[in-house]
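# A look at the structure
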Amino acid sequence: MPSATSLKKIRPIQLVAVIFFTVSGGPYGLEPLLSYAGDHGALIILLITPLMWDVPAIFTVLELNSMMPITGGYYKWVKYALGTHWGFVEGWWTWLYTFVDLAIYPVLFVQYAGFFFPELLNFQIPVCLVIIWASAGLNILGIMPVGRVSLFLSAAVLAPIILMIALGIYHHSGPMHIPATSLKGLSFPSFGMALYTVMWNCLGWDNVTTYAEEVEKPVRSYLISIFTAFVLVMVVYFFAIWVAQQSGINHDTLTENGFPALGELIGGHWLGIVVAAGGMASTLGIYTAVLLSVSRVPQVMSEDNLLPKGVNKLHSRFKTPFVSIIICSIVVSFMVLWTFADLLIIDVTVYGAGLSLEYIALVKLRVKEPMKERPFRIPLGVTGLCLVLLLPFIVYSVALGGALSSTPKALSAAIFALVALSSAEVAWQIIKLSRPELNQ
């Protein structure tokens, strides 16, 4: 591993772009929310869910990262606080969730590209593979190229959405209003799937810390960049859904055809094309940013002898974990056959389990090492932390319960996610057989 001082480091403005893509990438993928929650439930779910699901995660990430701004991020935090066993489980779960998460974006790219070239839908797998391996090549070049590309793509994503929102407001006839917020009449399965939709569009705040040693002044940079990205994400989400409501677009049409259909309704075919291009940029940016974050986890797990030697091998020129990047890309190449709805449920379920270990690590370190330096400290005591951390657990439990009571396909996806979580213990027992010292 090269020294921290020898690595090229990105600055806050690039970090904001990388975080934006890691967590969001624009409102693309949020389209099913209106179908699940309706006009009266969509905005309240969109605004309340991040407060209960994201804000505790953001503060947890900022405190733990200020204590240990190191490569590997959340894996290192959990390992330090809870021991090697749970550190391995955290890394394993995150690896699994990211494989699922990454598989979503090439599929979405093809769907948005189909707005231009419908025939591409017949070549989904080859196009997905091109995206996967082009992104692998970019990541092997290093964090600086990823940061620059993310900055460019963030403009390509935001410009069409801002234009669509502005034209939607400009062309709207009659008074602008916010529909009365209510969850009355919303079935429990629909509520659960609405939660999953918002949760998936707002997850990944911990992922952005795995390359902390490659960030200039990491404590300060993360503090500024994460809060900037959160505000940006929520403003874009709110106005995108609000304009969709004002347009009167059929909810099923929005779910099926995405925001390009909304752009076409508001400004004509040309705007639909522009918004579709933004969707393509979004999926490319998200994929590249998430691959950047996940590739550092198996690298440090290999350095800790919890994965085979060689996984942590760095490129001789670019000093990037190219073996880890290639392994991730191979696995994702086989994952693109899943449907979007199934991937979403598996993704959020596995991610939520890993996030819970980070919350436990936060509390344990407050109890075990209360005097350890924390440049950023959540202004709550241990009891207050525990009460606040109940909020994401409640959201997670309700969403999972809603999915389990939903369609048979959703039930199968949720069960698969639970089986995937249990695979961590199987893998751990195999690791222990090759490392007797772990039994001590």
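Structure shown above.
Let us look at the structure shown here. Predicted, not measured: the structure shown is a model, and the values here were computed from it.

Looking now at the overall build of the protein. Scanning the protein for helices and strands turns up 15 helices and zero strands. Seen through its principal axes, the protein has C-alpha atoms that stretch 70 × 50 × 45 Å. Put simply, the protein has 440 residues, and 57% of those count as buried. Nonlocal contacts in the protein, meaning residues at least 24 apart in sequence, comprise 82% of its contacts between residues at least 6 apart.

Where helix 13 (residues 340-368) contacts helix 14 (residues 382-404), the two axes come as close as 11 Å, and the packing angle between them is 165°. Classified by the angle between their axes, helix 13 and helix 14 sit roughly antiparallel to one another. Read as a crossing pair, helix 13 and helix 14 show a hand that is left-handed. Residues Ile345, Val348, Thr349, Gly352, Ala353, Tyr359, Leu362, Val363, Arg366 and Val367 of helix 13 form the contact with helix 14, whose own contacting residues are Val382, Leu385, Cys386, Leu389, Pro392, Tyr396, Leu400 and Ala403.

The next subject is the packing of helix 11 (residues 269-303) against helix 12 (residues 322-335). A pair of packed helices is captured by two measures, namely the crossing angle of their axes and the spacing between those axes. Packing of helix 11 against helix 12 brings their axes to within 8 Å, and their N-to-C directions diverge by 120°. The pairing of helix 11 with helix 12 is recorded here as oblique in orientation. The hand of the helix 11/helix 12 crossing is right-handed. The segment helix 11 lies against helix 12, with Tyr287, Leu291, Val294, Ser295, Pro298 and Gln299 engaging Ser324, Ile325, Cys328, Ser329 and Val332. Within the contact of helix 11 with helix 12, the residues separate by chemical class into seven nonpolar, four polar and no charged.

Turning our attention to the environment of Leu306. Here Leu306 is to be found in the loop between helix 11 and helix 12. A residue is classified by how much of its surface remains accessible, and Leu306, at 0% relative accessible area, is buried. Sequence-wise, Leu306 and Val16 are 290 residues apart; in three dimensions their C-alpha atoms are separated by 32 Å. Other than its neighbours up to four places away in sequence, Leu306 contacts Tyr75, Thr84, Phe88, Met301, Trp428, Ile431, Arg435 and Leu438.

Taken as a whole, the largest pocket encloses approximately 440 Å³ of empty space. Forming the boundary of the largest pocket are 20 residues, of which Gln111, Thr255, Glu256, Asn257 and Gly258 lie nearest the centre. At the level of elements, helix 4 (84-113), helix 9 (251-257) and helix 10 (259-267) are the ones that each hand at least two residues to the lining of the largest pocket. Considering every element that reaches the lining of the largest pocket, the biggest residue donor is helix 4, with four residues.

Considering all chains together, one arrives at four cavities of 30 Å³ or more under this definition. Its boundaries defined by the atoms lining it, the largest cavity holds a volume of some 80 Å³. Lining the largest cavity are 13 residues; nearest its centre among them are Ser24, Tyr105, Trp200, Asn201 and Ile286. Mapped by element, the contributors of at least two residues to the lining of the largest cavity are helix 1 (12-23), helix 4 and helix 11. A per-class count over the lining of the largest cavity returns seven nonpolar, five polar and one charged.

Here we come to the environment of Trp95. Residue placement: Trp95 occurs in helix 4. It is 6.8 Å that separates the C-alpha atoms of Trp95 and Val294, two residues lying 199 residues apart in sequence. With near-sequence residues (within four places) excluded, Trp95 lies in contact with Val294, Pro298, Leu307, Ile327 and Cys328.

This part is about the state of the cysteines. On inspection of all chains with the given rule, the structure shows zero disulfides. This cysteine, Cys328, is not joined by any disulfide, and Cys128 carries the nearest cysteine sulfur, 17 Å off.

Further remarks concern the environment of Ile360. Looking at where Ile360 falls in the secondary structure, it is placed in helix 13. Ile360 sits 278 residues away from Leu82 along the chain, and the two C-alpha atoms are 8.3 Å apart.

Leu33, Tyr196, Tyr222, Ile226, Ile241 and Phe259 are the most contacted members of the largest nonpolar core, which has 153 residues in total. For this core, the element with the highest residue contribution is helix 4, accounting for 17 residues.

Our next topic: unusual backbone geometry. Not every positive phi belongs to a glycine, and Lys217 is a case in point at roughly 45°. When you line up the elements, Lys217 lands in the loop between helix 7 (188-200) and helix 8 (218-247). For Lys217, a relative accessible area of 61% translates into the label exposed. For Lys319, which is not glycine, the phi torsion reads 60° and is therefore positive.

Judged by side-chain polarity, Leu380, Leu387, Val388, Leu390, Leu391, Phe393 and Ile394 come together as a nonpolar surface patch covering roughly 590 Å² of accessible area. On the secondary structure map, Leu391 appears in helix 14. Of the residues examined, Leu391 reaches a relative accessible area of 32% and is grouped as partly exposed.

Definitions and limits used
- Residues numbered from 1 in each chain as written.
- Predicted model: local features only at pLDDT ≥ 70, side-chain atom pairs only at ≥ 80, totals over all residues.
- Heavy atoms only, no water.
- Helix = DSSP H or I, 4+ residues; strand = E, 2+ residues; numbered from the N terminus.
- Buried < 20%, exposed > 50% of the residue type's maximum accessible area, 1.4 Å probe, protein only.
- Contact = heavy atoms within 4.5 Å.
- Axes fitted to C-alpha atoms, helices over the stretch in contact; angles between N-to-C directions.
- Parallel < 35°, antiparallel > 145°, perpendicular 65-115°, else oblique.
- Left-handed = near helix turned anticlockwise from the far one by under 90°.
- Nonpolar A, V, L, I, M, F, W, Y, C, P; charged D, E, K, R; others polar.
- 1 Å grid on protein atoms, 1.4 Å probe; cavity = no way out; pocket = protein on both sides within 12 Å on 5 of 7 lines; lining within 4 Å.
- Points joined across faces, edges and corners; volume = space filled by probe spheres on them.
- Disulfide = S-S within 2.5 Å.
- Core = buried A, V, L, I, M, F, W, Y, C linked by side-chain atoms within 4.5 Å.
- Patch = residues over 30% accessible without salt bridge, like charges linked within 9 Å, V, L, I, M, F, W, Y side chains within 5 Å.
- Areas by Shrake-Rupley, 256 points an atom, 1.4 Å probe, with all protein chains shown as cover.
- Salt bridge = Lys/Arg side-chain N within 4 Å of Asp/Glu carboxyl O.

Any functional reading would require information beyond the geometric quantities listed.
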